[in-house]
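Survey of secondary and tertiary structure
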Amino acid sequence: MRNTDLKYLTAYTLPLTVVIGLLLKGPWAYLTPVYAFVLVPIIETLMPIDSDNLEDKEQEQKAVSKFFDWLLYLNLPIVFGLVGWYLWSISWAGYSTSELIGLTFSVGIALGSNGINVAHELGHRKTSWERTLGKILLIPSLYMHFYIEHNYGHHLHAATREDPASARYNQSVYSFWFTSISRQYLSAWRIQLDLLKRDGLGFISMKNDMLWYLIIQGLYLLAVFLMFGETALLIAVLIGVSSAILLETINYIEHYGLSRKKLPSGRYERVREVHSWNSNHVLGRVMLYELTRHSDHHYRAHKKYQLLEYHEVSPQMPYGYPTSMVLSLFPPLWYAIMNKRIPMEMRP
C-alpha cells in the first residue's frame, strides 16, 4: 500500500458529515447535502483532472492488496450504524420537522453513496460471500432487486431501449426516476422467473431470490417498527427512497443519450467503452470508489475499482459525477451541456 492509496478514505467523509448532523442538529442536519452537492462540486472544479492509468507492475500489486477490499467492507458497519443510530434517536432526540427532513435526506445520501454504490462493487465480485455482503448493504435501501437487474439485465442491455437504467436522449431526470425505478423492479422479476424456469423450478422455491428479498426487507421494516415505532418506520422508508433516487440520478448521468447500434441480425453491438460517460475528476472518483470510470467498468465488469482505467475513446463528462448530478436537476441546462457531446451516430 502506498500513501496515495489513502485517498480512498475520502469516501468516509460523507458519512462523517451525517455524524456531525446527528450530533449538532439544527442547520447542521443539512450538512451532508450541502457537502455533497455544493462544496464537492466547487472543490472538484478547482482540482486538476487525472487521466493517468496504472503501470503494469502497480496494477499487479493493487490487484492483490486487501487494503482496497477492507475499505469496502468497513462500509457495512458504517451504513447500518448510521441508519440504526438515526432511527433509534427519533424517539428521544426531539427533532424538529426541519431536522427530520435534513437528517433523513442526509442518511439517504450516505446510504446511496456508501451503501448501494459499495453494494454495486461487491455485487460484481467472484466470491459468493462478497456478493452476499453487497446484498446485505442493499437492505436498508429496500433495493435488493438491484443485484439481479443490474448484473443480469443492465450489463446485458446497457445503452439500449430495453434497459430501464439507460436514460434516453432528451429524457429528463425526473421522468427517468419513475421509468427506471418501476421498470427495473419489473425487469428483476422477469429475470428471476426466467432463471427459475431454466432450472425447472416454480415460483415457490428456495432459489427465488426476489421472494427472499421481499421477506428480508419486510422483516427489516418490521424490526424497525417493533424497536423504534411508527415514525421511525416511515423515516426508514423515506431513507430508502432517498437513497434510491440518488442511485437513479447516478444511473441517469452514466448512460444519458448514448445508444448501441442494432446489427442486421437484430442483435445489438456488444457493449464497448463508448457506451458510458466517463469522468476523471479526482474528488468524485475517490468518493465513489472509481464509479466515474464507468466506461471501463462496463467493458470489464469484474475488474476491481482500484484497477479501472481511462479510455480515450470514451465520451467524457465536462464535470465530475457530483457536479453532473446537480446539473441534471435542471433539464434545459443539462441538455445544453450534454446533447452536443453525444456522438451524432448515437443520437435518435
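Residues numbered from 1 in each chain as written. Predicted model: local features only at pLDDT ≥ 70, side-chain atom pairs only at ≥ 80, totals over all residues. Heavy atoms only, no water.

On to the environment of Tyr147, then. By the secondary structure assignment, Tyr147 is in helix α8 (residues 145–157). On the basis of relative accessible area, Tyr147 is assigned to the buried category, the value being 11%. With 142 residues separating them along the chain, Tyr147 and Asp5 place their C-alpha atoms 28 Å apart. Those residues in contact with Tyr147 that sit more than four places away from it in its chain are Gly123, Arg131, Lys135, Leu138, Tyr152 and Tyr213. (Helix = DSSP H or I, 4+ residues; strand = E, 2+ residues; numbered from the N terminus. Buried < 20%, exposed > 50% of the residue type's maximum accessible area, 1.4 Å probe, protein only. Contact = heavy atoms within 4.5 Å.)

Following the UniProt record, the feature "domain: Fatty acid desaturase" (unreviewed entry) maps to residues 103–321 here. Within the segment residues 103–321, helix and strand shares are 59% and 0% respectively, and the terminal C-alpha atoms sit 23 Å apart. (UniProt positions renumbered as here; feature names shortened; annotations may be inferred.)

For the rest of this paragraph, the subject is the packing of helix α5 (residues 75–89) against helix α10 (residues 209–228). Between α5 and α10, the shortest axis-to-axis distance is 10 Å and the interhelical angle comes to 40°. Classified by the interaxial angle, the pair formed by α5 and α10 is oblique. Considering how the two elements wind past one another, α5 and α10 form a crossing that is right-handed. On the side of α5, the interface is formed by Val83, Gly84, Leu87 and Trp88, while α10 contributes Tyr220, Val224 and Phe228. Grouping the constituent residues of the contact of α5 with α10 by class yields six nonpolar, one polar and no charged. (Axes fitted to C-alpha atoms, helices over the stretch in contact; angles between N-to-C directions. Parallel < 35°, antiparallel > 145°, perpendicular 65-115°, else oblique. Left-handed = near helix turned anticlockwise from the far one by under 90°. Nonpolar A, V, L, I, M, F, W, Y, C, P; charged D, E, K, R; others polar.)

This part takes up the packing of aromatic side chains. Any aromatic ring pair is given by two values, namely how distant the centres are and how the planes are angled relative to each other. Under the criterion given, the structure shown has 17 aromatic pairs. Ring centres of Tyr8 and Phe68 lie 6.0 Å apart, and the angle between their planes is 80°; on these two criteria the pair is classed as edge-to-face. Highlighted residues: Tyr8 in the segment before α1 (13–24) and Phe68 in helix α4 (residues 67–73), separated in sequence by 60 residues. Phe68 shares its class with Tyr8; the two are buried. Geometrically, the ring pair formed by Trp189 and Phe203 is stacked, given 5.7 Å between the ring centres and 15° between the ring planes. Residue Trp189 is located in helix α9 (residues 173–198), and its partner Phe203 is located in the loop between α9 and α10; the two are separated by 14 residues in the primary sequence. (Phe/Tyr/Trp six-rings, centres within 6.5 Å; stacked < 30°, edge-to-face > 60°.)

The subject of this paragraph is the UniProt feature "transmembrane region" (unreviewed entry) in the protein chain. If you check UniProt for "transmembrane region" (unreviewed entry), the listed places come out as residues 30–49, 70–88, 210–228 and 233–253 in our numbering. Between the C-alpha atoms that bound residues 70–88 the distance is 27 Å, and the span itself is 95% helix and 0% strand. Span residues 210–228 is 100% helix and 0% strand, its end C-alpha atoms 27 Å apart.

Below, the discussion takes up the side chain of Asp296. Counting through the fold element by element, Asp296 comes out in helix α13 (residues 294–299). Among the residues examined, Asp296 registers a relative accessible area of 0% and is labelled buried. A polar contact is formed between the side chain of Asp296 and the side chain of Lys303, at a distance of 2.9 Å. Of the polar contacts made by the side chain of Asp296, one reaches the backbone nitrogen of Glu309; its length is 2.7 Å. (Polar contact = N/O pair within 3.5 Å; in protein donor to acceptor, adjacent residues only side chain to side chain.)

Turning our attention to the packing of α10 against helix α11 (residues 230–255). Between α10 and α11, the shortest axis-to-axis distance is 7 Å and the interhelical angle comes to 145°. When you trace α10 past α11, the crossing you get is right-handed. Listed contacts from α11 to Tyr220, Leu221, Val224, Phe225 and Phe228 of α10 are Glu230, Ala232, Leu233, Ala236 and Val237. Each residue belonging to the contact of α10 with α11 can be placed in one class, and the counts come to nine nonpolar, no polar and one charged.

Where like charges cluster on the molecular surface, the positive patch consists of Arg161, Arg168, Arg183 and Arg190. Looking at the element boundaries, Arg183 is found in helix α9. (Patch = residues over 30% accessible without salt bridge, like charges linked within 9 Å, V, L, I, M, F, W, Y side chains within 5 Å. Areas by Shrake-Rupley, 256 points an atom, 1.4 Å probe, with all protein chains shown as cover. Salt bridge = Lys/Arg side-chain N within 4 Å of Asp/Glu carboxyl O. Lys, Arg positive; Asp, Glu negative; His and termini not counted. Charge placed at Lys NZ, Arg CZ, Asp CG, Glu CD.)

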